[in-house]
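One letter stands for each residue in the lines below.
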Amino acid sequence: MKLLLKGARVIDPAGNLDAPMDVLVEDGKIAGCRPGIKAPPGANVLDLAGMIVAPGLIDMHTHLREPGYEYRETIASGSAAAVAGGFTSIACMPNTRPVNDNRSVTEFILRKAAVANLANIYPIGAISMGSDGKQMTEFWDLREAGIVALSDDGNPVMDAALMRRAMEYASSLDLPVIQHCEDRNLSAGGLMNEGYPSTILGMPGIPAIAEEVIVARDILIAEYTGTRIHFAHISTSGSVRLIRDAKKRGLRVTAETAPHYFTLTDESLWNYDTNYKVSPPLRGKADVSAIKEGLADGTLDAIACDHAPHGRTDKEVEFEYAANGISGLETSLGLSLNLVHEGVLTWPELIAKMSCNPARILNLPKGTLAKGADADITVIHPELAWSVDAGAFRSLGKNSPFSGRKLKGRAVLSIVGGDIKYDGLASKP
Amino acid sequence: MIKLGKKDILGIQEMTTDEISLILETAESFLEISTREIKKVPTLRGKSVINLFYEASTRTRTSFEIAGKRLSADTINISASTSSVVKGETLLDTARTLEAMNPDIIVLRHSAAGAPHLLARMVSQSIINAGDGAHEHPSQALLDMMTIKEKKGRIAGLKVAIVGDILHSRVARSNIYGLTKMGARVVVAGPATMMPRDIERMGVKAYTKIEEAIADADVVMMLRIQMERQKQNVFPSLREYAQHYCLSRRHMKLTGLDAIVMHPGPINRGVEISPDIADDPGCSVILDQVNKGVAVRMAMLYLLSGGNE
């Protein structure tokens, strides 16, 4: 099976490449990437003039809900949502039921992923059994089963001693540890960002410092132990400052943010619409600016959408009882492209934050169009104007605050291992 | 003629001064009904009002019930549980079930801020917010404004001090909106742990000491302290709170002349207000508030039922 992608602007930040050229795929690998490639006999030739060809996008923070919450998402539906959103690889958090805290759950996820056969699925294992912050899981065994990182996901590791041990133990296996930064004492009872909007709405606030004290603490642990730490979905200005300073001092700190943190503020909550309820909460305008600055100057390495699909019953309730999260895989690229349209990031910078940077953080052999690499490719139509229709998501989770929003640019082709897994070229205007 | 062009009354924040005045004036005209020997008019005969209360309440529920009955509406009280742990019927399912029985107005009290807004979006009936979390309590603010207007002859130009747990108080928020809209100068006071963030952006001045807040005040409104806040370390003890924030005789020298003292009730005597002040007819208007409450709620039910059209 041969595939020739002709005439697109090829952006491969890992190879420092940004030029019009052709990409040849053979036997599931990148066979070449240069101008004027002649189509080999039998090759499927796609004329992609005006398109962007990028290494397959990677979302390092998703929730696939299976096993346990199949009404919210399955590994199959989540995989379909991923490729429709341009993601050829996704990492999935362990907050399933049961929690992915042992080999059998990891193997189950990988088996289901193989059956779905759409995107590459990389499970993230729990740091502690049941993610309850007490007893460490068997990191070694989990890694052999196929996990690429460790996290207790939405349950921050509040016990600093456990966090220290986990980071030390994981470092001997070169497994990244991912922290959801939230001091549960400071955030207790909180439903939204603490600020003027929470005062107006009469809802208990989650202060920015709930995130920042854990960022600060884990930077100190990383420094003291000489280990690395990755911070999930950074949302506050103070966190960006702490991470920037840590990086300046040469510490092995990486961080991601999610599209909603550079797109929405806590003012969106005025009508108590539960689609805006996320953890961490949507912050203020100054935070949104700081997140953009952090992306622009490299403080924030990656964009990950924190895909959190929910059923209607989880969201059609009082704000206080509603589940946190946004179904994000099918809007992440479109929202992130606004950063390019606004001049916050260049195209190669954006692609890097959605491909080679997450690959580097998770040690994945992905995120590159180098010769011989797996042929994971995302083709993006940069000008295509479209409206988000959450009801039409492939994801079972229709919970999106972005439904109805007009976006410019989207993935039109997702190629995984040389096979086309999503073909949206038909909708090309 | 001003109309209340609304399906619901969810808060004072979204009300115009004309709408507030209309409700207050309508309520004033209803006051007299409660003084008759036969305390009933046929105005809302054939209308049904459901009091859906997810939070314990005696006075607000009773007040709405009496208001409905004095206007000859059929009033039905439902006490529901908010337990989110036990998977019961959701608020929406309950509301849709009630909707199918064609009531005219649903009066909702709920511990979750925004619950009435959810209901208002999902059902066709008029919704009256009878208190949602720490968000709003519009009927309380309206009855407070009616009381102030009666006692002081006006609202505009008065200084009103609201003292206590502002952070957790829906009464404070609704009153801040209402009183500032009607031209009063509002100040708030309480320990810093009871002050919501950026409260001054609501157009009020915030103090931590009661003495500073009540200086020259025409109205002193004391808020109820929830005992369970002590567990959250919002304050260390009732004893210490009372020593510094309980309104007592000595404070009345600091206020303006003939200042009135208000409290939404129920009072923790000796915690928020000393008993001699609470019972002093010279300054305490606490029972007047209760009295105005029925009239204000009659006006709300009447205007939402298409009265005044």
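Model, not experiment: these values are computed from the prediction.

Rules used throughout
- Residues numbered from 1 in each chain as written.
- Chains lettered and ligands numbered in written order.
- Predicted model: local features only at pLDDT ≥ 70, side-chain atom pairs only at ≥ 80, totals over all residues.
- Heavy atoms only, no water.
- Helix = DSSP H or I, 4+ residues; strand = E, 2+ residues; numbered from the N terminus.
- Rg over C-alpha atoms; globule rule 2.2 N^0.38 Å.
- Buried < 20%, exposed > 50% of the residue type's maximum accessible area, 1.4 Å probe, protein only.
- Contact = heavy atoms within 4.5 Å.
- Areas by Shrake-Rupley, 256 points an atom, 1.4 Å probe, with all protein chains shown as cover.
- Lys, Arg positive; Asp, Glu negative; His and termini not counted.
- Charge placed at Lys NZ, Arg CZ, Asp CG, Glu CD.
- Salt bridge = Lys/Arg side-chain N within 4 Å of Asp/Glu carboxyl O.
- Axes fitted to C-alpha atoms, helices over the stretch in contact; angles between N-to-C directions.
- Parallel < 35°, antiparallel > 145°, perpendicular 65-115°, else oblique.
- Nonpolar A, V, L, I, M, F, W, Y, C, P; charged D, E, K, R; others polar.
- Pairing = 2+ DSSP bridges.
- pLDDT = per-residue confidence, 0-100.
- 1 Å grid on protein atoms, 1.4 Å probe; cavity = no way out; pocket = protein on both sides within 12 Å on 5 of 7 lines; lining within 4 Å.
- Points joined across faces, edges and corners; volume = space filled by probe spheres on them.
- Left-handed = near helix turned anticlockwise from the far one by under 90°.
- Expected span 1.5 Å × (residues − 1).
- Buried area = accessible area lost by both parts, 1.4 Å probe.
- Polar contact = N/O pair within 3.5 Å; in protein donor to acceptor, adjacent residues only side chain to side chain.

## A word on the overall build of chain B
Inference 1: Across its full length, chain B holds ten helices and nine strands.
Inference 2: In terms of overall size, chain B behaves like a compact globule, its C-alpha atoms giving a radius of gyration of 19 Å where 309 residues would be expected to give roughly 19 Å.
Inference 3: In terms of overall dimensions, chain B has C-alpha extents of about 55 × 45 × 35 Å along its principal axes.
Inference 4: Burial analysis of chain B (309 residues in total) assigns 58% to the buried set.
Inference 5: Within chain B, contacts between residues at least 6 apart in sequence are counted, and of these 74% link residues at least 24 apart.
Inference 6: Of the roughly 12,700 Å² of accessible surface on chain B, a fraction of 50% belongs to carbon and sulfur atoms.
Inference 7: Charge centroids of chain B, computed over 39 positive and 35 negative side chains, lie 2 Å from each other.

## Some details on the environment of B:Val49
All names here are of chain B.
Inference 1: By secondary structure assignment, the location of Val49 is in strand β1 (residues 48–53).
Inference 2: Here Val49 falls in the buried class, since its relative accessible area comes to 1%.
Inference 3: Spatially, the C-alpha atoms of Val49 and Ile106 are 5.9 Å apart, while their sequence positions differ by 57 residues.

## Overview of the pattern of salt bridges
Inference 1: Counting across every chain of the model gives 40 salt bridges over all chains.
Inference 2: Several salt bridges share partner residues, and in doing so they unite A:Lys29, A:Lys366, A:Asp374 and A:Asp376 into one network.

## As for the environment of A:Ala8
Residues and elements named next belong to chain A.
Inference 1: Turning to its location among the elements, Ala8 is positioned in strand β1 (residues 2–12).
Inference 2: A residue is classified by how much of its surface remains accessible, and Ala8, at 1% relative accessible area, is buried.
Inference 3: Note: C-alpha distance between Ala8 and Asn102 (94 residues apart in sequence) is 44 Å.
Inference 4: Excluding residues within four positions of it along the chain, Ala8 makes contact with Ala19, Pro20, Met21, Leu48, Met51 and Val53.

## A few points about the packing of helix α8 (residues 237–248) of chain A against helix α10 (residues 285–296) of chain A
Residues and elements named next belong to chain A.
Inference 1: Direction vectors running N to C along α8 and α10 enclose 25°, while the axes themselves pass 8 Å from each other. It follows from the interaxial angle that α8 and α10 lie roughly parallel. Residues Ser237, Val240 and Arg244 of α8 form the contact with α10, whose own contacting residues are Ala286, Asp287, Ala290, Ile291, Glu293 and Gly294.
Inference 2: Looking at the contact of α8 with α10, its residues break down into four nonpolar, two polar and three charged.

## Observations concerning the sheet that holds strand β4 (residues 126–132) of chain B
Backbone hydrogen bonds are what pair the strands of a sheet, in a parallel or an antiparallel way.
All names here are of chain B.
Inference 1: Read across the sheet, four strands follow the order β2-β1-β3-β4 without closing on themselves; strand pairing throughout is parallel. Of all strands in the sheet, those with a lone pairing partner are β2 (74–79) and β4, marking the two edges. When the angles between neighbouring strand axes are averaged without regard to direction, this sheet yields 15°.
Inference 2: Sheet analysis places β1 next to strand β3 (residues 105–110), joined by five bridges and oriented parallel. Bridge pairing in β3 places Ile50 opposite Ile106.
Inference 3: Taken strand by strand, helix α4 (residues 115–122) contacts β3 and β4, and its axis lies near 170° from that of β4.
Inference 4: Helix-sheet contacts for helix α10 (residues 286–304) involve β1, β3 and β4, and the interaxial angle to β4 is about 150°.

## Concerning the sheet that holds strand β6 (residues 185–189) of chain B
Residues and elements named next belong to chain B.
Inference 1: Pairing within the open sheet is parallel, and its five strands lie in the order β7-β6-β5-β8-β9. Edge positions in the open sheet fall to β7 (205–207) and β9 (260–262), since each of these has one partner strand only. The sheet shows a mean angle of 20° between the axes of neighbouring strands, taken without regard to direction.
Inference 2: As paired strands, strand β5 (residues 159–163) and β6 are joined by five bridges and run parallel to one another. Opposite Ile162, over in β6, you have Val188 as the bridge partner.

## Some thoughts on the confidence of the model for chain B
Inference 1: In the predicted model, chain B carries a mean pLDDT of 94, and 96% of its residues have values of at least 70.
Inference 2: Interface confidence for the predicted complex, expressed as ipTM, amounts to 0.94; the pTM equals 0.95.

## A look at empty space enclosed by the protein
Residue and element names in this part refer to chain A.
Inference 1: Within the structure shown, the criterion is met by four cavities of 30 Å³ or more.
Inference 2: Its boundaries defined by the atoms lining it, the largest cavity holds a volume of some 50 Å³.
Inference 3: Lining the largest cavity are Gly56, Pro365, Lys366, Gly367, Thr368, Ala373, Asp374 and Asp376.
Inference 4: Per-class residue counts for the lining of the largest cavity are two nonpolar, three polar and three charged.

## Topic: the packing of helix α3 (residues 91–99) of chain B against α4(B)
Residues and elements named next belong to chain B.
Inference 1: Orientation of α3 relative to α4, taken along the N-to-C sense of each, is 45°, at an axis distance of 10 Å. Classed by the angle they form, the pair α3 and α4 counts as oblique. Our pair here, α3 against α4, has a crossing hand that is right-handed. Between α3 and α4, the residues in contact are Leu91, Leu92, Ala95, Arg96 and Glu99 and Ala115, Leu118, Leu119 and Met122, respectively.
Inference 2: By residue class, the composition of the contact of α3 with α4 is seven nonpolar, no polar and two charged.

## Regarding unusual backbone geometry
Residues and elements named next belong to chain A.
Inference 1: In this chain, Glu66 is followed by Pro67 through a cis amide linkage whose omega measures 5°.
Inference 2: In this fold, Pro67 is placed in the loop between β6 (57–62) and α1 (75–84).
Inference 3: The amide bond that connects Arg97 to the next residue, Pro98, takes the cis arrangement and shows omega of 0°.
Inference 4: Secondary-structure assignment places Pro98 in the loop between β7 (87–92) and α2 (103–116).
Inference 5: With a phi close to 20°, His233 is a non-glycine residue in the positive phi region.

## Overview of the environment of A:Leu118
All names here are of chain A.
Inference 1: Secondary-structure assignment places Leu118 in the loop between α2 and β8 (120–125).
Inference 2: Residues Leu118 and Ser387, 269 residues apart in the sequence, show an inter-C-alpha distance of 24 Å.
Inference 3: Contact partners of Leu118, with chain neighbours within four places excluded, come to Ala76, Ser79, Ala80, Val83, Val416 and Lys421.

## Concerning the side chain of A:Asp314
All names here are of chain A.
Inference 1: If you trace the backbone, Asp314 turns up in helix α11 (residues 312–315).
Inference 2: On the basis of relative accessible area, Asp314 is assigned to the buried category, the value being 10%.
Inference 3: When residues no more than four places from it in sequence are discounted, the contact partners of Asp314 are Tyr71, Arg72, Ala322 and Ala323.

## Things to note about helix α7 (residues 208–225) of chain A
All names here are of chain A.
Inference 1: Taking 1.5 Å of rise per residue, 18 residues should cover 26 Å, and α7 covers 26 Å from first to last C-alpha, within 8% of that figure.
Inference 2: Residues of α7 that are buried include every one of Ala210, Glu211, Glu212, Ile214, Val215, Arg217, Asp218, Ile219, Ile221, Ala222 and Thr225, and no others.
Inference 3: Directly after α7, the chain includes Gly226, whose backbone phi takes a positive value near 70°.

## Quick look at the interface of chain A and chain B
Inference 1: Listed as interface residues are 17 residues of chain A and, on the opposing side, 27 residues of chain B.
Inference 2: Surface buried jointly by chain A and chain B totals about 1,800 Å² across both partners, of which 54% is contributed by carbon and sulfur atoms.
Inference 3: Sorting the residues of chain A by area buried against chain B places A:Tyr196, A:Thr199 and A:Glu318 first, and these three jointly supply 33% of that buried surface.
Inference 4: On inspection of chain A and its partner chain B, the count reaches six residue pairs in polar contact (both at pLDDT 80 or more).
Inference 5: Taken together, the residues of the side of chain A that touches chain B sort by class into eight nonpolar, four polar and five charged.

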